[in-house]
Amino acid sequence: MGSVIVRRMHLDEVDPLHLFGPGDRNLRLIQDSYPSVQLVARGGDIYLEGEERDVRRIETLLAELVALVKQGRVLQDTDVRYAMSVATEEGNGGLSTLYEPGKQYFRLKKAVKPKTLGQEEYLRALEKYDIVFSIGPAGTGKTYLAVAAAVSVLRAREKNRIVLVRPAVEAGENLGFLPGDFQEKVDPYLRPLYDALHDLMGAERIQRAFDMGILEVAPLAYMRGRTLSDAFVILDEAQNTTIGQMKMFLTRLGTNSRAVITGDITQVDLPEPSDSGLIKIQAILADIPEIKFVYLTDRDVVRHHLVQRIIRAFDNHPGGATPKPRLEQNPEPRSEG
């Protein structure tokens, strides 16, 4: 057990009700997460008593929350939980920069703002680099933020079209057994991309974009032999590509094009997970500074807070952890057109 200390924090220029939440909800959430520390609120002060390491973490956490309240933000449960996850990392902070008034990425009617520090790094990369890889678990906003970037550059007329690509039916791309015409076959596997488009553009504008040929959604297999110029191209679920398919996709890029490749390397559906092109490409492209790899973690999950705990439970349990695919050194990709 570490040393026990007592600290007092004065809540300068902050209404305790705004910080603690209705019925001291936020304070109770912090207390439940740090049982080794006793928190007592008295007027405009908070007294902390407990193990030094946890007390200092809570001080960092409360300072972040105070900064958010000063910005006029009404604290939500998700804000407090994320602030706690950041405070567990020594030296981490700066959560208040995510919610700076007027801060917004991309030129869209709907505000697109980062909800985590990892998302902020991802958004900065989307603005700066022509090729961005976003690797992380489900629920971290990989696909949604990529689509937001694509819609923004299309609206600004920096690119002439958006091309959204996904490996269909896991990695096999075998659509023949499904009922319906081509569009009906591929729609279920492209639904996450459609959902992001609907949220950012609306159904009417999406249909008009399809009719005008400035928006295209297609399985990865249909990219072979093409050259994509003046386009913003997104490859989603890229963990289910082989290295040959990954090479084929990346070499489709033409003049004035950008690409975002997203995926979760812990959920590879290939027969041998280590064959994933998204895993192997990290070593192959590591020495190209113009290509950016952004790694998101369970701390960047922006869905229900239990999703974070589910991901951690799978990672930590011997029976639920996904085998970590071995990263080959300088693998030789097979030739693709």
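Before reading further, recall that the structure is shown in the block above.
Residues numbered from 1 in each chain as written. Predicted model: local features only at pLDDT ≥ 70, side-chain atom pairs only at ≥ 80, totals over all residues. Heavy atoms only, no water.

Caption draft 1: Layout of the overall build of the protein. When helices and strands are counted, the protein shows 11 helices and 9 strands. Once local pairs closer than 6 in sequence are excluded, the contacts in the protein between residues at least 24 apart make up 69%. In the form shown here, the protein has an accessible surface area of approximately 16800 Å², with 49% of it arising from carbon and sulfur atoms. (Helix = DSSP H or I, 4+ residues; strand = E, 2+ residues; numbered from the N terminus. Contact = heavy atoms within 4.5 Å. Areas by Shrake-Rupley, 256 points an atom, 1.4 Å probe, with all protein chains shown as cover.)

Caption draft 2: Local environment of the sheet that holds strand β5 (residues 161-166). Spatial ordering of the open sheet is given by β6-β5-β7-β8-β4-β9, a layout of 6 strands whose pairing is parallel. With one partner strand each, in any of the chains shown, β6 (215-219) and β9 (291-295) form the two edges of the open sheet. Strand-to-strand twist of the sheet, defined as the mean angle between neighbouring strand axes without regard to direction, takes the value 15 degrees. Pairing of strand β4 (residues 131-135) with β9 involves 5 bridges; the strand directions are parallel. (Pairing = 2+ DSSP bridges. Axes fitted to C-alpha atoms, helices over the stretch in contact; angles between N-to-C directions.)

Caption draft 3: Focus on the packing of helix α3 (residues 52-70) against helix α4 (residues 77-87). Here α3 crosses α4 at 135 degrees, and the two axes come no closer than 9 Å. Between α3 and α4, the angle falls in the class oblique. For α3 against α4, the interelement crossing comes out right-handed. Contacts from Arg57, Leu61 and Leu65 of α3 reach α4 at Asp79, Val80, Ala83, Met84 and Ala87. Across the contact of α3 with α4, the residue classes tally to 6 nonpolar, no polar and 2 charged. (Parallel < 35°, antiparallel > 145°, perpendicular 65-115°, else oblique. Left-handed = near helix turned anticlockwise from the far one by under 90°. Nonpolar A, V, L, I, M, F, W, Y, C, P; charged D, E, K, R; others polar.)

Caption draft 4: The environment of Leu68, seen in detail. Relative to the helices and strands, Leu68 resides in helix α3. Accessibility expressed as a relative area gives 0% for Leu68, which makes it buried. For Leu68 and Leu98, which are 30 residues apart along the polypeptide, the C-alpha to C-alpha distance reads 9.3 Å. (Buried < 20%, exposed > 50% of the residue type's maximum accessible area, 1.4 Å probe, protein only.)

Caption draft 5: Layout of the packing of aromatic side chains. Scanning all chains against the criterion turns up 2 aromatic pairs. Ring plane angle 10 degrees and centroid distance 4.5 Å describe the contact between Phe133 and Phe293, whose orientation is recorded as stacked. Of this pair, Phe133 sits in strand β4 while Phe293 sits in strand β9, and the two are 160 residues apart along the sequence. As far as the burial class goes, Phe133 and Phe293 line up, both buried. (Phe/Tyr/Trp six-rings, centres within 6.5 Å; stacked < 30°, edge-to-face > 60°.)

Caption draft 6: Structural detail: unusual backbone geometry. Here Asp24, not a glycine, exhibits a phi torsion of approximately 55 degrees, which is positive. Topologically, Asp24 is positioned in the loop between α1 (16-20) and α2 (25-33). In this structure Asp24 comes out as partly exposed when scored by relative accessible area, which is 36%. Although it is not a glycine, Asn256 sits at a positive phi angle of roughly 60 degrees. Of note, Asn256 is situated in the loop between α9 (243-250) and β8 (258-263).

Caption draft 7: Broad picture of the sheet that holds strand β2 (residues 37-42). Strand order across the open sheet formed by 3 strands is β1-β3-β2, with antiparallel pairing between neighbours. Across the chains shown, the open sheet's two edge strands, defined by having one partner strand only, are β1 (4-10) and β2. Adjacent strand axes in the sheet meet at a mean angle of 15 degrees when their direction is disregarded. Looking at chain direction, β2 and strand β3 (residues 45-51) are connected through 6 bridges and run antiparallel. For Leu39, the partnering residue across the bridge sits in β3 and is Leu48. Contacts from α3 reach β1, β2 and β3, with the element oriented near 150 degrees to β3.

Geometric descriptors of this kind do not, in isolation, establish any biological role.
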